[in-house]
Each structure stands twice: as structure tokens, then as C-alpha cells.
Amino acid sequence: MKRYLLILVIMGLTACLLVGCNTTTPSEGEGEGEGEGEEEIARVVLVELFTSHCPNCKIVEPILEEVAEEYERTEMILVEIGTWGDAITIGGNDRYKWYLPDSNQRETPNTLFNGSNDRIWKVASKNSFKDKINIQLAKEAEISIQVSKTENSGSTTLSGSIKNISTSALDNLLINGMIFKDNNIVGEKYMVSKIIKDTGETGVTLAAGAEQSFEFVLEELSWAYNVNGVIFVQDSSTKEVLQAIYVE
């Protein structure tokens, strides 16, 4: 019996010499899929609510504000654009007309999801709004945005760059932004006070992998604790919002 055990041990040692006994663990990154380890850029959904505090607006506003609290700002950003009354947004009506040239479609409330990608007119359920948002979240990002904020003598500068992270050129890109306050008032929690640029400007073209810098100097704007903003990139011809980033 001992003889047979000795033979088995000798055979095992011989096999180790021929094929190696040491097991190896993959080095860092080995075996991972292509591109793994790199930061993944997700699509952010810009939700624009055009409102005038009409009876239907007062139904939709708190629903959307509640929805906004359920998403991270890296997923969804809500802005409320006043079209009439005390909370009217500077440039808001021009943007509304740009989106919807037919005045018969401009009755408030009107909720747009990443610009022209989708919209809900008038009243809908909370789940209906979330369904629209989730559809946009599932789309692949084509643009990344970097932004920094500096303050000087009562003014604020927002500067940064956008990058085309898709595999093809993107045309008619318009870099824009909005300033809003967290008013902590139902119906005005994310009310926009200013849209940085108007809708009449022509966009730039970015080749795949190319970058474009930007700088917005906001005179007489002190970035107080309750002031927030959003920078977004929009196709000026299709009116689709390709990416957005929250500025705290």
C-alpha cells in the first residue's frame, strides 16, 4: 500500500514539473471588458416645466417637485420656467415659443424631457412623469460637461468645457444654462430667474473626441446659499438636450 502511495506522489510531482503547480491571479484589469475601469458618463435628464400657476399648473408643480427629490441631480434636473405673473422667467417666453411655434400647443403646464425628446401636456400622474424620465435615462450619453464656478465682486463666472464622447461628429451644439433658486415653496421650488443665452444663436460642430470651452460671466449675481444652476448642451436644430450638469 505504501508503495502505491509513493508511486502516486512521484507521479504528482512529475506532473507539476511538466505543467507547473502555481496558480496565478489575473493582474489588475486583466480579463475585464474593453473600456472597463474608465469613468462611465451617464445621460442626465433636463426636465423643463413651463408654468403660469394656472389651476392645472398647481396640480403638476408639486408632483414634479416630489419626483425631482426622488432622483439624484446626476440623473434628473428639474427647472420651472414661469411664463406669466410675478415669477416670470427672463427669456422664458422666447424659449417656450422656440419649442412650440404653434400657440395652440402652449397652454400651460407643459413639461419637456430633454428638450424635444418628449413632453407631457397638461396633467398626468406621477408614474407617467417618471416613465418619461426613465426612458431618457436609458439613452447613451454623447456629451460630457465639466464646469467650475468662481465669484468676484458680486458677480459669478461659470466656465468649463464640453466633450463629444460619441463616435461621430455632432452638429449645431448650443451651450446654455439657467439660474434658479431653491425657494422651498411648493410650486416655485425650482423657479428659473434667468436663461443665460437666447435661442437665436447658431451652434458649434464637434468632431468625435473633440472639446469646446465656454465661459458665462453673470454680472451682479452673487451665488447665495439657495442659488443653483444648470449648464446644458442642446442641438439647436432638433432642440434635443444632449446633456446637462447641475451647478450647486
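Our subject is the structure listed above.
Residues numbered from 1 in each chain as written. Predicted model: local features only at pLDDT ≥ 70, side-chain atom pairs only at ≥ 80, totals over all residues. Heavy atoms only, no water.

### With respect to the sheet that holds strand S6 (residues 155-164)
Then, number 1: Read across the sheet, three strands follow the order S5-S6-S10 without closing on themselves; strand pairing throughout is antiparallel. Of all strands in the sheet, those with a lone pairing partner are strand S5 (143-152) and strand S10 (211-218), marking the two edges. Across the sheet, the mean angle separating the axes of adjacent strands is 15 degrees when strand polarity is ignored. (Pairing = 2+ DSSP bridges. Helix = DSSP H or I, 4+ residues; strand = E, 2+ residues; numbered from the N terminus. Axes fitted to C-alpha atoms, helices over the stretch in contact; angles between N-to-C directions.)

### Some remarks on the state of the cysteines
Then, number 1: This model, assessed by the stated rule, comprises one disulfide.
Then, number 2: Between the sulfur of Cys54 and that of Cys57 lies a disulfide, 2.4 Å long from S to S. Between Cys54 and Cys57, the disulfide has an S-S torsion of 80 degrees and is therefore right-handed. (Disulfide = S-S within 2.5 Å.)

### Notes on the packing of aromatic side chains
Then, number 1: Going through the model one piece at a time under the given rule, you end up with seven aromatic pairs.
Then, number 2: When the centroid spacing of 5.6 Å and the interplanar angle of 35 degrees are considered together, the rings of Phe214 and Phe216 count as tilted. Of the two residues, Phe214 and Phe216, neither departs from the other in class, the shared state being buried.
Then, number 3: Residue placement shows Lys122 over the ring face of Trp121; its charged tip is 5.0 Å from the ring centre. (Phe/Tyr/Trp six-rings, centres within 6.5 Å; stacked < 30°, edge-to-face > 60°. Buried < 20%, exposed > 50% of the residue type's maximum accessible area, 1.4 Å probe, protein only. Lys NZ or Arg CZ within 6 Å of the ring centre and 35° of its normal.)

### With respect to the environment of Glu69
Then, number 1: Locating Glu69 in the fold gives a position in helix H2 (residues 55-70).
Then, number 2: Once residues lying within four places of it in the same chain are set aside, the contact partners of Glu69 are Lys189 and Tyr190. (Contact = heavy atoms within 4.5 Å.)

### A closer look at the pattern of salt bridges
Then, number 1: By the definition in use, this model includes eight salt bridges.
Then, number 2: The salt bridge involving Lys126 is made with Glu66; its shortest N-O contact spans 2.8 Å. Note that Lys126 is positioned in helix H4 (residues 126-137) and Glu66 in helix H2, a separation of 60 residues in sequence.
Then, number 3: Classification of Lys126 as partly exposed rests on a relative accessible area of 25%.
Then, number 4: The class of Glu66 is partly exposed, set by a relative accessible area of 44%.
Then, number 5: Within the structure, one salt-bridge network assembled from shared partners comprises Glu66, Glu70, Lys126 and Lys130. (Salt bridge = Lys/Arg side-chain N within 4 Å of Asp/Glu carboxyl O.)

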